[in-house]
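# Remarks on the overall topology
Residue-level listing of the chains:
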Amino acid sequence: MRLYEFEGKQLFREFGIPVPQGRVVDSSDDIYEVVKGFKGPVAVKSQVLTGGRGKAGGIKIASGPNEAKTVADELFKLKIKGYPVEKILIEPALDIVHEYYLGVTIDRARYKIVVIASKAGGVDIEETAAKTPEKIVRREFSINEPMYSFDALSIAKDMEIPQVLLKPAIAIIQRLFELFKAYDAKLVEINPLVIKGDDTLVAADSRVSLDDDAMFRHPNLAKAGIEKRHEEGELTEREKQATDWGIPYLDLDGNIGMFPGGAGFGIMGNDFIHHYGGKPANFMDSGGGPSPERIAKMLVLLDQNPNVKAIFGARFGGISRCDDFAKGVIMFLKEHGLSKPMVMRMTGNMWQEGVRLFEEAKKEDPRLMEKVEFHGIETPIEEISKRAVELAWEAN
Amino acid sequence: MRLYEFEGKQLFREFGIPVPQGRVVDSSDDIYEVVKGFKGPVAVKSQVLTGGRGKAGGIKIASGPNEAKTVADELFKLKIKGYPVEKILIEPALDIVHEYYLGVTIDRARYKIVVIASKAGGVDIEETAAKTPEKIVRREFSINEPMYSFDALSIAKDMEIPQVLLKPAIAIIQRLFELFKAYDAKLVEINPLVIKGDDTLVAADSRVSLDDDAMFRHPNLAKAGIEKRHEEGELTEREKQATDWGIPYLDLDGNIGMFPGGAGFGIMGNDFIHHYGGKPANFMDSGGGPSPERIAKMLVLLDQNPNVKAIFGARFGGISRCDDFAKGVIMFLKEHGLSKPMVMRMTGNMWQEGVRLFEEAKKEDPRLMEKVEFHGIETPIEEISKRAVELAWEAN
Amino acid sequence: MAILVDKNSKVMIQGITGGAGQFHTERMIEYGTKIVGGTSPGKGGRQVHDRPVFDTVAECVKQTGADVSAIFLPAPFVKEAAIEAIRAGIKFLVVIPEHIPIHDMLWVREEAIKHGTTVIGGNTAGIITPGEANLGIMPDIAFKPGRVGTVSRSGSITYYVADTLTRTDYGQTTCVGLGGDPILGSTFAEILLKFEDDEKTKAVVMCGEIGGVYEEHACDVIPKMKTPVLAMIGGLYAPPGKRMGHAGAIVEGAMGTAQQKLDMLAAAGAHPCKTFESIPQILKKLGV
Amino acid sequence: MAILVDKNSKVMIQGITGGAGQFHTERMIEYGTKIVGGTSPGKGGRQVHDRPVFDTVAECVKQTGADVSAIFLPAPFVKEAAIEAIRAGIKFLVVIPEHIPIHDMLWVREEAIKHGTTVIGGNTAGIITPGEANLGIMPDIAFKPGRVGTVSRSGSITYYVADTLTRTDYGQTTCVGLGGDPILGSTFAEILLKFEDDEKTKAVVMCGEIGGVYEEHACDVIPKMKTPVLAMIGGLYAPPGKRMGHAGAIVEGAMGTAQQKLDMLAAAGAHPCKTFESIPQILKKLGV
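Here the structure is a predicted model, which is why all the values come from computation and not from measurement.

### A look at the overall build of chain C
A tally of helices and strands in chain C yields 10 helices and 14 strands. The principal-axis extent of the C-alpha atoms belonging to chain C is close to 55 × 45 × 30 Å. Across the 288 residues that make up chain C, the buried fraction comes to 64%. Summed over its atoms, the accessible surface of chain C is roughly 9900 Å², and 53% of this surface lies on carbon and sulfur atoms. Across chain C, the 28 positively charged side chains and the 30 negatively charged ones have centroids separated by 3 Å.

### With respect to the packing of aromatic side chains
Each aromatic ring pair is specified by the distance between its two centres and by the angle formed by the two planes. Enumeration over the complete set of coordinates arrives at 22 aromatic pairs over all chains. Between B:Phe316 and D:Tyr160, the aromatic rings sit 5.1 Å apart at their centres with planes inclined by 75 degrees, giving edge-to-face as the arrangement. With B:Phe316 in strand S16 (residues 310-317) and D:Tyr160 in helix H5 (residues 155-167), the pair connects residues from two separate chains. Among the aromatic residues, ring-to-ring pairing joins A:Phe272, A:Phe316, C:Tyr159, C:Tyr160 and C:Phe276 into one connected group.

### Considerations on the pattern of salt bridges
Using the criterion set out here, one finds 78 salt bridges over all chains in the structure. Its salt-bridge partner being D:Arg87, residue A:Glu145 comes within 3.7 Å of it at the nearest N-O pair. On the criterion of chain membership, the pair formed by A:Glu145 in the loop between strand S9 (136-141) and helix H5 (149-158) and D:Arg87 in helix H3 (residues 78-87) is interchain, its members lying in two chains. The class of D:Arg87 is partly exposed, set by a relative accessible area of 29%. Close ionic contact of A:Glu383 with A:Lys386 constitutes a salt bridge, the shortest N to O distance being 3.7 Å.

### Let's talk about the interface of chain B and chain C
The interface of chain B with chain C comprises 10 residues on the first partner and 13 residues on the second. Of all residues in chain B, the largest losses of buried area upon contact with chain C belong to B:Tyr148, B:Phe150 and B:Gln163, amounting jointly to 56% of the total for that side. Across the contact surface, chain B and chain C share 3 salt bridges. Residue B:Lys157 pairs with C:Asp55 through a salt bridge whose shortest N-O separation is 2.7 Å. Broken down by secondary-structure element, the contributors of at least two residues to the side of chain B that touches chain C are helix H5 (149-158) and helix H6 (166-182) of chain B.

### As for the side chain of C:Asn134
Residues and elements named next belong to chain C. Its place among the elements puts Asn134 in strand S9 (residues 133-136). Polar side-chain contacts of Asn134 include one of 3.0 Å to the backbone oxygen of Met138. With sequence-adjacent residues up to four places away left out, Asn134 is seen in contact with Arg27, Met28, Tyr31, Thr33, Ile127, Ile128 and Asp140.

### A few points about the interface of chain C and chain A
Each partner contributes residues to the interface: chain C has 61 residues there, and chain A has 63 residues. Taking both sides of the interface into account, the surface hidden between chain C and chain A amounts to around 5000 Å²; carbon and sulfur atoms contribute 68%. At the boundary of chain C and chain A, one finds 2 salt bridges. At the level of elements, helix H1 (19-31), helix H4 (102-115), helix H5 (155-167), helix H7 (214-218), strand S13 (229-234) and helix H8 (245-252) of chain C are the ones that each hand at least two residues to the side of chain C that touches chain A.

### A closer look at the arrangement of the chains
Structurally, chain A and chain B remain out of contact, their C-alpha atoms never closer than 8 Å. Kept free of each other, chain C and chain D leave a smallest C-alpha distance of 13 Å between them.

### Section: the pairing of S16(B)
Successive side chains on a regular strand alternate, one facing one side of the sheet and the next facing the other. All names here are of chain B. Burial within S16 is extensive, with 8 of its 8 residues counted as buried. Neither face of S16 is left uncovered, since the one carrying Ala310, Phe312, Ala314 and Phe316 and the one carrying Ile311, Gly313, Arg315 and Gly317 both have all their residues buried. Here S16 pairs with strand S17 (residues 342-348) via 7 bridges, running parallel. From the neighbouring strand, Phe312 faces S17, where its bridge partner is Val343.

### With respect to the sheet that holds strand S6 (residues 87-92) of chain B
All names here are of chain B. Taken in spatial order, the 4 strands line up as S1-S6-S2-S3 in an open sheet, and their pairing is antiparallel. Only two strands of the sheet have a single neighbouring strand rather than two, namely strand S1 (23-25) and strand S3 (59-62). For this sheet, the mean inter-axis angle between neighbouring strands, taken without regard to orientation, is 25 degrees. As paired elements, S1 and S6 share 3 bridges and run antiparallel to each other. In the sheet register, Val25 faces S6, and the bridge partner there is Ile88.

### Some thoughts on the pairing of strand S2 (residues 35-39) of chain D
Residues and elements named next belong to chain D. Most of S2 is tucked away, with 5 of its 5 residues classed as buried. With 4 bridges joining them, strand S1 (residues 11-14) and S2 adopt parallel strand pairing. When the sheet's bridge partners are listed, Ile13 is paired in S2 with Gly38. Considered for its hand, the β-α-β crossover made up of S1, helix H1 (residues 19-31) and S2 is right-handed. In this structure, S2 lies alongside strand S4 (residues 51-54), joined through 2 bridges in parallel fashion. Note that in S4 the partner of Thr39 across the bridge is Phe54.

### Structural notes on the domain arrangement of chain C
All names here are of chain C. The domain architecture assigned to chain C consists of domain 1 (11-120) and domain 2 (139-286). Averaged C-alpha coordinates put domain 1 and domain 2 at centres separated by 26 Å. If you look at the interface, domain 1 gives 13 residues, while domain 2 gives 14 residues. Summed over both sides, the interface between domain 1 and domain 2 buries roughly 1000 Å², with carbon and sulfur atoms accounting for 55% of that surface. Counting across the interface, domain 1 meets domain 2 through 1 salt bridge. Two residues, Glu190 and Arg109, come together in a salt bridge whose shortest N-O distance is 2.6 Å. Between domain 1 and domain 2 we count 5 residue pairs in polar contact (both at pLDDT 80 or more) in total. Listing elements by their share of the side of domain 1 that touches domain 2, those giving two or more residues are H1, H4 and strand S7 (118-121). Considering every element that reaches the side of domain 1 that touches domain 2, the biggest residue donor is H4, with 4 residues.

### A look at the packing of H5(A) against H3(D)
Running from N to C, H5(A) and H3(D) point in directions that differ by 65 degrees, and their axes come no closer than 9 Å. Taking contact as the criterion, the partners of A:Ser149, A:Phe150 and A:Asp151 in H5(A) are, on H3(D), D:Glu80, D:Ile83, D:Glu84 and D:Arg87.

### Here we look at the state of the cysteines
All names here are of chain D. Scanning the entire structure with this criterion turns up 0 disulfides over all chains. In this model Cys207 remains outside any disulfide bridge; the closest cysteine sulfur is found in Cys273, 7.7 Å from its own. Exposure remark for Cys207: the relative accessible area of 2% places this residue in the buried category.

### Quick notes on a negative patch on the surface
Taken together, the side chains of A:Asp26, A:Asp29, A:Asp30 and A:Glu33 present a region of like negative charge at the surface. As for its placement among the helices and strands, A:Asp29 is situated in the loop between strand S1 (23-25) and helix H2 (31-38).

### A closer look at the nonpolar core
Grouped together as the largest cluster of nonpolar side chains are 164 residues, with contacts concentrated most on A:Phe265, A:Phe312, C:Leu135, C:Val151, C:Leu192, C:Met206 and C:Phe276. Among the elements that line this core, the one with the most residues is helix H6 (residues 166-182) of chain A, at 9 residues. Sequence-distant contacts of A:Phe312, defined by excluding residues within four places in its chain, comprise A:Ile256, A:Gly257, A:Met258, A:Phe259, A:Phe265, A:Gly269, A:Ile273, A:Val343, A:Ile381, A:Ile384, A:Ser385 and A:Ala388. Of all hydrophobic cores here, the second largest spans 120 residues; its members include B:Leu166, B:Ile172, D:Met206 and D:Leu265.

### Considering helix H10 (residues 292-303) of chain B
Here H10(B) contains 12 residues, and its C-alpha end-to-end distance of 16 Å stays within 8% of the 16 Å for a straight helix at 1.5 Å per residue. Restricting attention to buried positions, one finds in H10(B) the residues B:Ile295, B:Ala296, B:Met298, B:Leu299, B:Val300, B:Leu301, B:Leu302 and B:Asp303.

### A few points about the environment of B:Glu74
For B:Glu74, the position within the fold is in helix H3 (residues 65-75). For the pair formed by B:Glu74 and B:Lys45, sequence separation is 29 residues and the distance between their alpha carbons is 12 Å.

Reading the values: the criteria
- Residues numbered from 1 in each chain as written.
- Chains lettered and ligands numbered in written order.
- Predicted model: local features only at pLDDT ≥ 70, side-chain atom pairs only at ≥ 80, totals over all residues.
- Heavy atoms only, no water.
- Helix = DSSP H or I, 4+ residues; strand = E, 2+ residues; numbered from the N terminus.
- Buried < 20%, exposed > 50% of the residue type's maximum accessible area, 1.4 Å probe, protein only.
- Areas by Shrake-Rupley, 256 points an atom, 1.4 Å probe, with all protein chains shown as cover.
- Lys, Arg positive; Asp, Glu negative; His and termini not counted.
- Charge placed at Lys NZ, Arg CZ, Asp CG, Glu CD.
- Phe/Tyr/Trp six-rings, centres within 6.5 Å; stacked < 30°, edge-to-face > 60°.
- Salt bridge = Lys/Arg side-chain N within 4 Å of Asp/Glu carboxyl O.
- Contact = heavy atoms within 4.5 Å.
- Buried area = accessible area lost by both parts, 1.4 Å probe.
- Polar contact = N/O pair within 3.5 Å; in protein donor to acceptor, adjacent residues only side chain to side chain.
- Pairing = 2+ DSSP bridges.
- Axes fitted to C-alpha atoms, helices over the stretch in contact; angles between N-to-C directions.
- Right-handed = clockwise from strand over helix to strand, strands pointing away.
- Domains from an automatic or database assignment.
- Disulfide = S-S within 2.5 Å.
- Patch = residues over 30% accessible without salt bridge, like charges linked within 9 Å, V, L, I, M, F, W, Y side chains within 5 Å.
- Core = buried A, V, L, I, M, F, W, Y, C linked by side-chain atoms within 4.5 Å.
- Expected span 1.5 Å × (residues − 1).

Okay, here's the thing in C-alpha cells:
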C-alpha cells in the first residue's frame, strides 16, 4: 500500500530525516492563513496516490497567500491519471542547489534489501539508470544485518555528496534504511534529496509503499489514519466492499464479470476472454475452498456491478468439491436472484454431482436457472470463454 | 553496575514481565498508609546492593500496617554486609506454589549470551548447579540472533513449567532476553520466578547488573535516577570523588596508599605488599600517560585518606616519561604538601632524569622532599614494597 | 523417482491441531502420505488422526525422524515456524499460508540458505508426487504417476495442467506449487534444476504469470538443462502491473510483463504454450 | 619470525587524525613500523605524518594494501570501526581504547570469527615485535629482539616482564597485549597457539590476573604445546572479585581467583612465576 507524500514525510520526521515543515489542507479555505505563516513563496503540492504528479501539473509554486489560494483552487479541480486531488500539502518553496536520488527496496530474485542512490536525482532517475548506469549506486543488505555508518558513508561518497555534508547524509541514509525495516516497507524513496542554499540536506519528496500483509505489526499507522489501500490510487467503492469481505477484487474496465476459482486461473481466464475479443470487468480470487456464503458474496459483487453484462464462471474442484460449489451458487440464486447471464463450467472433484445439482434445481424451478448455462468437463474452457464473450455482446 | 531490586523491577515492568505491585519508601513514616492500601499481608524488603539479604534478615513478612511499620523500623537500623538499609520495598506477600530460577548472562570464554534456568529456584541455585547439574537448563545465543518463541518454549519445557503456563513463561523468557540486550546487561536474574496460588507467574525478585561502559546509550536510566555505581554496594565518598575525577579507585581496608602506574601493576603491587606483611588501603589506576594534574589528584586522594599511613609509588616510564611523572609529583608537593611518608621507584623511559629532578628539588628545598624516599632502577621493586610496609608499621 | 517428496518422506505438520491442519492431515494420510506427527506449541502429548503432537519441531524430529514439514498456521506465525523447522533439521518445508509479510520471508530465506533447506510457498497449494505423497491442499483427483514435472505459481493452473497431463496419459513425476506470494521460498530456477537431476522426469511444464522476476531468472538455467521445459505465462492480457517506484524499476529492470517473460523463456530454449491443450501436443512433438 | 605483526605488515590507523592517533602514529613510524595510512570519516584526502587519510577502511585497504589496523577512537565508536576493518579485509586488528561496551565486543567477535580476523584488546597497550614493528602505545625502551614471547592482560606488567627479559638478554619475539577489558578480542589460548607455531619463539610468558576465565581456558592448549609456557598471575592477595550473580557463578564455575588460576596453569604444565626475577631463572632451567 502506497502512502501519500505527507504521510511518508510523517514517517521520515519520526525517524529524524529532515523534511520541510508542511501543512496539509483538504480545502482551500485555510490556505491563506497557512501560507501567511510561512512568510515566503510556497510549494502547493497535490496529494495523490500515483506517480507523474509533477508532469501532470499537480505541483505549483506560489509567491504568497493570494496566489497560493488561486493555485489550490485550480488543483482541487484537477484529476491526475483519473484520481481527484482531495488533499494539498503546502511547504515553503525550497532553494534547491542539487538533487540526489535515494531509495530502498527489495530485490526479490536475490532476496536482499537494496539501496539505490544517485547523484542525479529528480524525475528522470530511471532514464539515468538506463543510459548512464555508472551514475547509479547500488548496495545489497541481508535482512538480518544492520546498515553501519561506514556502509552509509560509502554510499554517500559514491553519491558524490560534498564532504561537509557527509555526516547528515550518513544519518539520512541509515535512518531511511531503518525506517524501511521498521515499517515492513516494500519501497521508500527520497526523490529528490535536496541540498538547499543554506547547505543543508532535506527530503523534498517522499514515496513510501508498505507491505499490506505486515500491517498487523503496525497498529500505530491505523491510528494515524494510514490504512490498507491500493498500491496506486484509492479503492473503488466495490473494492472497498470486497476488502471488507476479505475477497481479493479489482475493478477493470470491461464488461464480463469474472467468477473464477483461484488467483492463477483468474489471470489465465482473463487472457482467454481477451483472446476471444472480450474484456473482463474485474479480477477476483475465490481463495481456496470458499464457503457458500463467500461464493454468494462474490456473485453479489458481480451482479450489482452495472458494468457487468455477463458472467464467466469456472471451477476446478480441488479441495472444494464442485457439489459444494454448486450449492453455493444455488443458494445465491435463491436468495438474490441473478440479473445477468452467466456461463460456467465445473471440472475436477465431484463435477458430475455439481452438474446434477444444477439440473435438479432447474427441474424444481426453471426460472431460477433461467440465466445460467452450466457445463461439465465435456466442454473445453476455451469454449466457455468464447460463450461468455458472446453473452456480453448480446447483452449490450 | 548493580541495580536495586525495585529498579530492576521497574525495567521488568517496562518490558512486560509481571512483577508484584510495589512501593518504595525511604523512611517508615508512610508505611502505614502504603500497607493499608495493599489490604493483606506484605513483604517488607530491604533494598541493598549486595546478596544474601534474605539470610541476613533483610526480608520480613508483616500481616498488616502496624506490624509492617515495626518491622520497617528495625530494618532501617540494619546493616547488611556493612551496607545500611536506606530504602525498603513493600509488596503484597505472595502465595507461592513453586519457585523457578531464570537468568541471562554472558559466557566470556565462548563469547555468547547464555540463558540459565532451573525448575529448582530460590537461594540455593548454585548448590543445585554443583550437585544436580541435570536440573540446570542452559542455552547459548549469539549476540546477533534473536530469541525466538520456540527457543523460549524449549527452555520453559526443560524448566518443567506446567503446560497451562507455557505461554506466559515464553513471554517472560523472551522479554528478559530482550531486556538483557536492550539495556546492555551483564546479568539479569529472576530468582525466584514464582507460580502463585492463582496459577499466574510473577517475578518475585530481580537482579540486574548493567555494563557501566554502555551507559552512554541509556540516558533514560540516568533520568530515572539509575546512575553509575559499584557492582556491589554504593561508592564511598572517596570513590565518588575519584569517579568524578575519572580515576579508577577502590577503597580497601589496609593502611598503605597505593600509587602505581597502570591497573596491571596495581594488582601486582598489591600482591607484593601482602607478601611482605602489609595491607593496601586502596586500589588505583593512573591510566596511560597521566597528566601532572592527574598525578596530583591521585596523591590528594591518598594524602587525605586518614587510613593511609604510608604511600607506595611505582612508575614504569613507558609512553609517559619518568621526568614528566617526577614533575607531577613535585608539583603536588609544592601545592599541597605531603603528610605521610612515601617510598617510590622509577624505571623505564627517562628514569635517570626523574631521579635527577627529585634530587634537584631536594637541594632547592629539603623540607619539600622530607617525607619522600625515591629510587631508580638499582633498587628492585620487591625492596620498595618491603620498605613501604616498614614505613606503615612505623607510622602506626 | 521424484523430487522433494516421495513415499519415504517422513512428513510432519506444523499447526496440526488447527482446523485446516487436522482436515488436510486426514486427507494426506488417506492419500498415503507418510505423516509421522505434528506440532502445536502448548499442546504436546495429544494425538491428531493417531499421529503424535509435540510442542516443538525439535521434539517431533527427534521422536519421529521427520525430514519434511508443512506449515498450516496463520501468516503472522509463519516466520518463526519456518525458522524453527529449518533449525530443527527439516530439509524440505512447505509453506501453505498466504499473505506472509515480505520481510518475514527474507528472514526465512536467509535461514534456509544457511541450513540447506528447500522451502516452497508461501501461498502454495503444496506439492504432490502422484501415488506416493500429497503434501498440501491439492486435490488428488487431477494427478496420476507419470513422466512430466510441473512447477507453477498458481494452484488452479497446476490442476488444469495436471488434469491435461493425466487425461493424455503423460502423468506427473512431481507437481510443485511454487506459491503465489510476491516473494517465495524457492525460485523457478531452483526447482527446474531439481527436475533436471531427476531421471524419471522427461519434461517440465513451468507455469508463471505476470509480475515478479522468478520467470526471468529461470532463463539462466534453462539453456543448461537437458530436460525440455514448456512454459506457460498467465496475464498476457492483464493490465500492466504497477512498478514499485523508481528503485523497483531499477532493481527489476524491464522485467514483469507476461509477454516479455514468455519471449525471454522462448529465447532461452523453453517451449511456450498458450493453452492447456497445447501442452500434450508439444510433448508429443518432443517425443516425451 | 614473529607473530601477528612484523616489518612487512602494512599497518593503518583508524582515527589517525585524532590527538592520540597522530601522536602514536608518529612514534610508531619512528620505531620503523610500516604505517601506510589511516582513516577518519569525512577527512579523507588529508595527510598525517605524510600518510594518506581516507574516509573508509575499504578505500585505505584498496589504495595502500593495509592488512593490519589499530583503532585509536573513543570507545563508543569501536564496534563499528572494528566491524568496518574486519569486513574490509584487515586480518589483524588492535583495539587500543578501553571501556568498550561488552555487547559491542560480542558483535566484533562474531564478525572476526566469520572473517578469520584476529583482534586484540580492547584496553590493550598493543603489540610489539622488537626491531620490526611497534603497534599501539607501548614504550620501545623495554624491548629488544630475542627468543621469548609474552602475552599479558596488562600493559605495565608487559613492561616489567619485557624489561627483565631484555636485561637478561633473552629478548622478545613478539609481546602481545591481550587487553584489560572484561571481554577481549582474543583469548590466551588463541595467542599461545600462535606462539607455538612460531619457530623463533622458544618460550612464552603469559601474565594473567584475577577475574575472568581466559587464563583457565588456556589450560586446554598448554598441555598440547611443545613451547614451554611460564605463567604469572596478578591478584593473589586481591580482595575476591564479585561474582556476576548466580548465573555468572554457574557459567564461569569455580574460576576467577588468582591462586586457582595459577594452580590450574601449573597442573596444565605451565611454569608458575611469582616475581619478575624468577622468569629468567626458570628460562635458564628450561635451557631456553
